[in-house]
Amino acid sequence: MEKEFNPFLVSGYRGAKYFCDRESETAVIKKNINNNINTTLFAIRRTGKTGLLHHVFETYAKNTKVACVYVDILSSVNLKEFTNQLATVIYNRFPENQGIGKKVIQAIKLLRPLISFDTLSGSPELSFELGETKQYEKTIQQLFSFLDSQNKKIIFAIDEFQQILEYPEKNTEAILRTHIQTLKNTNFIFCGSNQKMMHEIFNSAKRPFYASCSNLHLDFINPDKYAEFIWRIFAEHKRKINKQSIDLIINFTSCHTFYTQYFCNYLFASGIKNIELTDVQKTAIEILQLNESTFFQYRNLLTNAQWQLLHAISKEEKLYKAHSNSFLSKYRLGTSSMVSRGIEALLEKEMIFYNTSVGNSYYETYDKFLMRWMQHK
Ligand SMILES: Nc1ncnc2c1ncn2[C@@H]1O[C@H](COP(=O)(O)OP(=O)(O)OP(=O)(O)O)[C@@H](O)[C@H]1O
Ligand SMILES: [Mg+2]
């Protein structure tokens, strides 16, 4: 029997039907685009940044005057690889037999890239063998300006943008900023999963991108909207689920997009037609058991003191006062400076995040399943 499509996605984007809310954020990005303003998208990990980029793109799918280009640069380690990825996505984005495709392909070929084929997907990959950084800079400029001159609005989303800080070419930010500034028909959306590095690039007064974009903060999805979405998707697939069960899912996963999606995906896959609260409780336990080996791996990556601190933060769920006597003594965490060092390390390893988007900032464990698992230990 063919496996039923699981409508709760845990990777990729499959259209507005399977995408919950994000209406106001979509509107803000589109307004920026209409006004020729570049956007920087800030959010903690796994809230749905990449999904939102594709959701915005989908709204332009039938608009022949707009072309959207998406590039994820996480795997690039230097300017050469950045240039190769840029050329590859542009080459693959505009098929030769459609629209401006022919012109794009001819223009790229003039830059003399080597064209190979990915062994898994079979799609073309471009690479340049140029001597110096300057030549890569020139190629980037040529790629951007060529697209910019095509009488189309180009929307360029660069995902995992913080990766440029890892390049040995320390002037990458300046290079990109200089060329981006000169474009007339191209708008950028910069997005990244490492908040600290993204803030460094865009909010530090000494750096090239400072104050050059409109910042958009992506928060968690509104729980009521998420509840309605979950109910609708189950109903459309002839499943029944009551409000109490949905509330438990949202609560258990703290409405953190990836974890809520994962939970619903798992529950959907169980095939239960009439979902009761006990089914949701059973699913929660199963998910924690399934992930236990990952939790033990986390433990191996941390010192004992860091693990104890993570445990304490998980138990608190939201930790508002990390240095209060009551927190230190409740979990026997030693001195305030020991906790400071521990928090630094846990933030660095992305085991916790600091939520500053609310009035009263707090620390919270990133992995919602690890958090629930620790709360039961
Ligand atoms: N609004 C949404 N409705 C339903 N599912 C969503 C929504 N946003 C994201 N998702 C799903 O949640 C998962 C995580 O989303 P996504 O990868 O977009 O997050 P991210 O913030 O880019 O994560 P990372 O920080 O790891 O890059 C994906 O499986 C995606 O399909
Ligand atoms: Mg992402």
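See above for the structure.
This one's a predicted model, so the numbers in the text were calculated from it and none came from an experiment.

J.: Sorry if this is basic, but what is going on with the pattern of salt bridges here?
T.: A side chain of one charge can pair with a side chain of the opposite charge if their charged atoms are brought near each other. As enumerated under the stated definition, the model contains 17 salt bridges in all. The shortest N-O distance in the salt bridge between K243 and D247 comes to 2.9 Å. In this pair, K243 and D247 are both assigned in helix α9 (residues 243-252), four residues apart and thus about one turn of the helix distant. Judged by its relative accessible area of 61%, K243 is exposed. What makes D247 partly exposed here is its relative accessible area of 35%. Notably, a salt bridge pairs R372 with E317, separated by 2.9 Å at the nearest N-O pair.

J.: Would you take a moment to explain the nonpolar core for this structure?
T.: Within soluble globular proteins, side chains that are nonpolar tend to cluster in buried spots. In terms of nonpolar packing, the biggest core is built from 50 residues, with I230, L310 and L370 touching the most fellow members. With six residues, helix α8 (residues 223-236) is the single largest residue contributor to this core. Among the domains, domain 2 (223-290) and domain 3 (302-375) are the pair contributing at least three residues each to this core. Ignoring sequence-local partners within four residues, the contact set of L310 consists of L302, L346, M351, I352, T365, L370 and M374. Counting 42 residues, the second-largest nonpolar core is a separate cluster that includes F42, V69, I73 and A87.

J.: I tried to follow the layout of surface pockets on my own but got confused; where do I start?
T.: To locate leftover empty space, one rolls a probe as large as a water molecule over the atoms. Size it by volume and the largest pocket reaches roughly 660 Å³. Along its surface, the largest pocket is lined by 29 residues, and G12, G48, K49, T50 and G51 are the ones closest to its centre. At the level of elements, α2 (49-58), β2 (66-72), α8 and α10 (257-269) are the ones that each hand at least two residues to the lining of the largest pocket. Per-class residue counts for the lining of the largest pocket are 11 nonpolar, 10 polar and eight charged. When residues of the lining of the largest pocket are assigned to domains, at least three map to each of domain 1 (22-217) and domain 2 (223-290). The calculated volume of the second largest pocket comes to roughly 560 Å³. Around the second largest pocket, the lining comprises 20 residues; the ones closest to its centre are N194, Q195, K196, L347 and Y354. Elements with a contribution of two residues or more to the lining of the second largest pocket: α7 (195-203), α15 (336-348) and β10 (352-355). Broken down by element, the lining of the second largest pocket gets its largest block of residues, five residues, from α7.

So, how was this worked out
- Per chain, residue numbering runs from 1 following the sequence as it is written.
- The naming scheme follows written order: chains are lettered A onward, ligands numbered 1 onward.
- Reporting in this predicted model follows two pLDDT cut-offs: at least 70 for local features of residues, and 80 or more for side-chain atom pairs to be given and counted; totals over whole chains, interfaces and linings ignore these cut-offs and use all residues.
- Only heavy atoms go into the side-chain values, all of them from the structure, while hydrogens and water stay out.
- We define a salt bridge as a contact between a side-chain nitrogen of Lys or Arg and a carboxyl oxygen of Asp or Glu at a distance within 4 Å.
- Strands are runs of DSSP state E lasting at least 2 residues, helices are runs of H or I lasting at least 4, and numbering of each runs from the N terminus.
- Accessibility here uses a 1.4 Å probe with only protein chains present; expressed as a share of the type maximum, an area under 20% marks a residue as buried, one over 50% as exposed, and anything in between as partly exposed.
- The term nonpolar core refers to a set of buried residues drawn from Ala, Val, Leu, Ile, Met, Phe, Trp, Tyr and Cys, joined through side-chain atoms within 4.5 Å.
- Boundaries of every domain are those given by an automatic assignment or by a domain database.
- By definition, residues are in contact when any of their heavy atoms lie within 4.5 Å.
- Here a cavity is any set of points on a 1 Å grid over the protein atoms alone where a 1.4 Å probe fits but cannot get out, and a pocket is any open set with protein on both sides within 12 Å along at least 5 of 7 lines; a residue lines the site when it has an atom within 4 Å of a point.
- Grid points are joined across faces, edges and corners, and a volume is the space filled by probe spheres set on the points.
- Each residue is assigned to one of three groups, with Ala, Val, Leu, Ile, Met, Phe, Trp, Tyr, Cys and Pro labelled nonpolar, Asp, Glu, Lys and Arg labelled charged, and all others, Gly among them, labelled polar.

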